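So the chains spell out like this:
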Amino acid sequence: MFTLKEILEKTACSELTIEEAEKLIRLQAIAELEGIAKIDYHREQRKGVPEVILAENKTVQDTVDISLKMLQTNGRAIISRCTSQHIEALKTATPSDAICQVNQKAKMVIIKNKNYTITASGGKIGLLTAGTSDISVAEEAKTIAEEMGCTTYTQYDLGVAGIHRIIEPLKELIIKDVDVIIVVAGREGALPSVIAGIVNIPIIAVPTSNSYGFGEKGISTLMAMLQSCSLGIAVVNIDSGIAAGAIATLIANRTAKFRK
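Residues numbered from 1 in each chain as written. Predicted model: local features only at pLDDT ≥ 70, side-chain atom pairs only at ≥ 80, totals over all residues. Heavy atoms only, no water.

### Structural notes on the overall build of the protein
In step 1: Helices and strands together make up the secondary structure of the protein, namely 10 helices and 11 strands.
In step 2: Per-residue burial over the protein gives 46% buried out of 260 residues.
In step 3: A fraction of 65% describes how many contacts in the protein between residues 6 or more apart in sequence connect residues 24 or more apart.
In step 4: Here the protein displays about 13,500 Å² of accessible surface, and carbon together with sulfur accounts for 54% of that area. (Helix = DSSP H or I, 4+ residues; strand = E, 2+ residues; numbered from the N terminus. Buried < 20%, exposed > 50% of the residue type's maximum accessible area, 1.4 Å probe, protein only. Contact = heavy atoms within 4.5 Å. Areas by Shrake-Rupley, 256 points an atom, 1.4 Å probe, with all protein chains shown as cover.)

Right, dumping it as structure tokens:
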């Protein structure tokens, strides 16, 4: 099956009629994999963010099958929330003409054809975490942003327990003129409010489940971020690094488009 780009190129070269191209695009739009998955191949062209394969609660074999089908059609497969078993199986199943990239901190795997290229969009995203334990969620967001052509600038472990630590990283992000800042925090979730009170840059707050006792598993963090009195903050769900990366990418890439 041709990729969308190949269909357009063949149509432009008169190798396909407009009717043939339309039929191929319709057939390609959603493909079913042996009754277990309907893959949305055109999501990246339609939405600006590709489909991400969630490995969580999927069998190792189903994850591999879906990933290879996505690779075959789109030239790239992005898989999140992988266990060590998922990672090893995906590495083993990667074809010889493809590469397998593993982000252990994010528990993500990216398989792409060796000739697959990412075009720099010009979008710029800052990534801050309150603690070291929040890095895994931030790395999910970073992976998505970079796969969509954005440049990311990361500064980790800046929690409000040592508020002096945020000054220099914020100066750097302002100098870099980032389009949006993702702030990942657990516990009382105060860091996004502090950052939003200092800069005129949109903030995406990501609560993590790194909290215990009253308001455990990120519930208190989410509530605190939603109750923030600092304007300019949008909040995603608990541990939703992928969601934060997606919305940050859409903001940054759209900003970069008009900046050019």
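### Points about unusual backbone geometry
In step 1: At Asn57, a residue that is not glycine, the phi angle is positive and equals roughly 70 degrees.
In step 2: By the element assignment, Asn57 lies in the loop between strand E3 (53-54) and helix H4 (60-74).
In step 3: Looking at Asn57, the relative accessible area reads 81%, which means it is exposed.
In step 4: With phi around 65 degrees, Asp239 is a residue other than glycine that occupies positive phi space.
In step 5: Judged by relative accessible area, which is 18%, Asp239 ranks as buried.

### Structural notes on the pattern of salt bridges
In step 1: Tallied over the full model, the rule gives 10 salt bridges.
In step 2: For Glu168, the salt bridge goes to Lys171, with nearest N and O atoms at 3.4 Å. Taken together, the positions of Glu168 and Lys171, both in helix H7 (residues 167-176) and three residues apart, correspond to about one turn of that helix.
In step 3: For Glu168, a relative accessible area of 52% corresponds to the exposed category. (Salt bridge = Lys/Arg side-chain N within 4 Å of Asp/Glu carboxyl O.)

### Looking at the sheet that holds E3
In step 1: In spatial order, the strands read E3-E4-E6-E5; together these four strands make up an open sheet with mixed pairing. Only two strands of the sheet have a single neighbouring strand rather than two, namely E3 and strand E5 (98-103).
In step 2: Both E5 and strand E6 (residues 108-113) contribute to a ladder of six bridges, which runs antiparallel. Its bridge partner lying in E6, Ala98 is registered against Asn113.
In step 3: Together, strand E4 (76-80), E5 and E6 form the strand contacts of helix H6 (residues 135-147), whose direction differs from that of E6 by roughly 15 degrees. (Pairing = 2+ DSSP bridges. Axes fitted to C-alpha atoms, helices over the stretch in contact; angles between N-to-C directions.)

### A word on the sheet that holds strand E10 (residues 203-207)
In step 1: Read across the open sheet, the five strands follow the order E8-E7-E9-E10-E11; overall the sheet is parallel. Both edges of this open sheet fall to strand E8 (151-155) and strand E11 (233-235), since each of them pairs with a single strand only. Mean inter-strand twist for the sheet, computed between neighbouring axes without regard to direction, equals 25 degrees.
In step 2: As paired strands, strand E9 (residues 180-185) and E10 are joined by five bridges and run parallel to one another. Bridged to Ala185 within E10 is Pro207.
In step 3: Lying on the sheet, helix H9 (residues 219-226) is in contact with E9, E10 and E11; it crosses E10 at an angle near 160 degrees.

### A few points about the nonpolar core
In step 1: In terms of nonpolar packing, the biggest core is built from 19 residues, with Leu128, Ile181 and Ile195 touching the most fellow members.
In step 2: The set of elements that each furnish at least two residues to this core consists of H7, E9, helix H8 (191-196) and E10.
In step 3: By size, the runner-up hydrophobic cluster in this structure holds 16 residues, among which are Leu127, Ala145, Ile182 and Ile204. (Core = buried A, V, L, I, M, F, W, Y, C linked by side-chain atoms within 4.5 Å.)

### Re the packing of H6 against helix H10 (residues 241-259)
Between two packed helices, both the angle of their axes relative to each other and the distance between the axes serve to describe the pair.
In step 1: For the pair H6 and H10, the least separation of the axes is 7 Å and the interaxial angle reads 35 degrees. For the pair H6 and H10, the sense of crossing is right-handed. Of H10, the residues touching H6 (which contributes Val137, Glu140, Ala141, Ile144 and Ala145) are Gly241, Ile242, Gly245, Ala246 and Thr249.
In step 2: Looking at the contact of H6 with H10, its residues break down into six nonpolar, three polar and one charged. (Left-handed = near helix turned anticlockwise from the far one by under 90°. Nonpolar A, V, L, I, M, F, W, Y, C, P; charged D, E, K, R; others polar.)

### Brief notes about H6
In step 1: Compared with the 18 Å implied by 1.5 Å per residue over 13 residues, the 18 Å span of H6 between its first and last C-alpha is a close match.
In step 2: Counting buried residues along H6, 11 of its 13 residues qualify, which places the element largely inside the surrounding structure.
In step 3: Within H6 the residues assigned to the buried category are Ile135, Val137, Ala138, Glu139, Glu140, Ala141, Lys142, Thr143, Ile144, Ala145 and Glu147.
In step 4: Among the residues trailing H6, Gly149 stands out with phi positive, at a value near 90 degrees. (Expected span 1.5 Å × (residues − 1).)

### Looking at the pairing of E10
Across a regular strand the side chains alternate sides, sitting on one face of the sheet and then on the other.
In step 1: With five of its five residues buried, E10 lies for the most part within the structure.
In step 2: Residues of E10 alternate between two faces, with Ile203, Ala205 and Pro207 on one and Ile204 and Val206 on the opposite face, all of them buried.
In step 3: In the classification by handedness, the crossover that spans E9, the intervening H8 and the parallel E10 is right-handed.
In step 4: On the question of chirality, the crossover connecting E10 to the parallel E11 by way of H9 is right-handed. (Right-handed = clockwise from strand over helix to strand, strands pointing away.)

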